[in-house]
Amino acid sequence: LAEGRPGRAARPVKQALCRFEDSGERACEAQTLRLLSRLHRACARDQQALEAAERALCIYRELGDEEGEGRQLEALASLHGAMGQHQKVLQLASKTPRLGLMRCLVEAHSALQHLGAAREVAEDMERLCETRGDDEGRAAALLLLGTLALREERLEEAARTAGVAQSLCQETQDLRGESQALRLLCDVYARREEHKAAVRAAEQAR
């Protein structure tokens, strides 16, 4: 975002938004609002980010753009989650089986201490990804399941799911995901007081 200066980038984006509003180019208007929401979020202007995101969602719905609407629902749910508005996330994300929304649902349920509900959504997410042959998505779901298992002190399950996630991330060359899996393994080993293994996992996660 403008070489790390999102505040400076907002001005030309707002100018472009005005032009698209005047010309009636609704699809471009929605895309620009989506970008403007991200810029506001990067500047910690959460309310303005929310307003821009909601306007973009309304336009996608008016246009009948289902893919655009889905992407914007994911962005809006993520924004509500970052703002700690977890009930809003549940309202937005519960009816649409999109992976991004399912991840937001897991995180919202988890933040609200609904760990059983969070686990059910994460399991649904893993099954959906396995059916689609989406190894990257499946690894993300397994990481969520492993994190939940760790919270519930189910250490064997946490270690197993983290190990499978790590293998999938290696196959898909997802370095970030692999690092997350290794950090989860590090936490499991630390809980078991297997300190050498914890150190090795932490070193690999760098």
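This structure is a prediction, so every number in the text was calculated from the model and none was measured.

**Student:** Got a sec to walk through the nonpolar core? Specific residues and values, please.
**Tutor:** Val106, Met125, Leu150 and Val188 are the most contacted members of the largest nonpolar core, which totals 45 residues. Elements supplying a minimum of two residues to this core: helix H3 (46-63), helix H4 (66-82), helix H5 (86-93), helix H6 (99-111), helix H7 (115-132), helix H8 (135-151), helix H9 (155-172) and helix H10 (175-192). Per-element accounting of this core gives the leading share, 10 residues, to H8. Those residues in contact with Met125 that lie beyond four places of it in its chain are Leu99, Met102, Arg103, Gly137, Ala140, Ala141 and Leu144.

**Student:** Summarise the pattern of salt bridges; cite the residues concerned and give the values.
**Tutor:** Applying the stated criterion across every chain yields a total of 17 salt bridges. Connected via shared salt-bridge partners are Glu21, Arg26, Glu29, Arg55 and Glu62.

**Student:** Got a sec to walk through unusual backbone geometry? Specific residues and values, please.
**Tutor:** Most peptide bonds take the trans configuration, and most residues that are not glycine carry a negative phi. In this structure, Gln113 is a non-glycine residue whose phi angle is positive, near 70°. By relative accessible area, which is 54% here, Gln113 ends up exposed. Although it is not a glycine, Glu153 adopts a positive phi angle of roughly 65°. Mapped onto the secondary structure, Glu153 falls in the loop between H8 and H9.

**Student:** So what about the packing of H4 against H5? Which residues, and what values?
**Tutor:** For the pair H4 and H5, the least separation of the axes is 8 Å and the interaxial angle reads 165°. Overall, the two elements H4 and H5 adopt an arrangement that is roughly antiparallel. Between H4 and H5 lies a crossing whose hand is left-handed. Listed contacts from H5 to Leu73, Leu76, Ala77, His80 and Gly81 of H4 are His86, Lys88, Val89 and Leu92. Here the residues of the contact of H4 with H5 are counted per class, giving 5 nonpolar, 3 polar and 1 charged.

**Student:** Before we move on, can you summarise the packing of H9 against H10 with the specific residues and values?
**Tutor:** Packing of H9 against H10 leaves a shortest axis separation of 8 Å and a crossing angle of 155°. Here H9 is positioned roughly antiparallel relative to H10, judged by the angle of their axes. For the pair H9 and H10, the sense of crossing is left-handed. Listed contacts from H10 to Leu155, Glu156, Ala158, Ala159, Ala162, Gly163, Ala165, Gln166, Cys169 and Gln170 of H9 are Gly177, Glu178, Ala181, Leu182, Leu184, Leu185, Val188, Arg191 and Arg192.

What counts as what
Residues numbered from 1 in each chain as written. Predicted model: local features only at pLDDT ≥ 70, side-chain atom pairs only at ≥ 80, totals over all residues. Heavy atoms only, no water. Core = buried A, V, L, I, M, F, W, Y, C linked by side-chain atoms within 4.5 Å. Buried < 20%, exposed > 50% of the residue type's maximum accessible area, 1.4 Å probe, protein only. Helix = DSSP H or I, 4+ residues; strand = E, 2+ residues; numbered from the N terminus. Contact = heavy atoms within 4.5 Å. Salt bridge = Lys/Arg side-chain N within 4 Å of Asp/Glu carboxyl O. Axes fitted to C-alpha atoms, helices over the stretch in contact; angles between N-to-C directions. Parallel < 35°, antiparallel > 145°, perpendicular 65-115°, else oblique. Left-handed = near helix turned anticlockwise from the far one by under 90°. Nonpolar A, V, L, I, M, F, W, Y, C, P; charged D, E, K, R; others polar.

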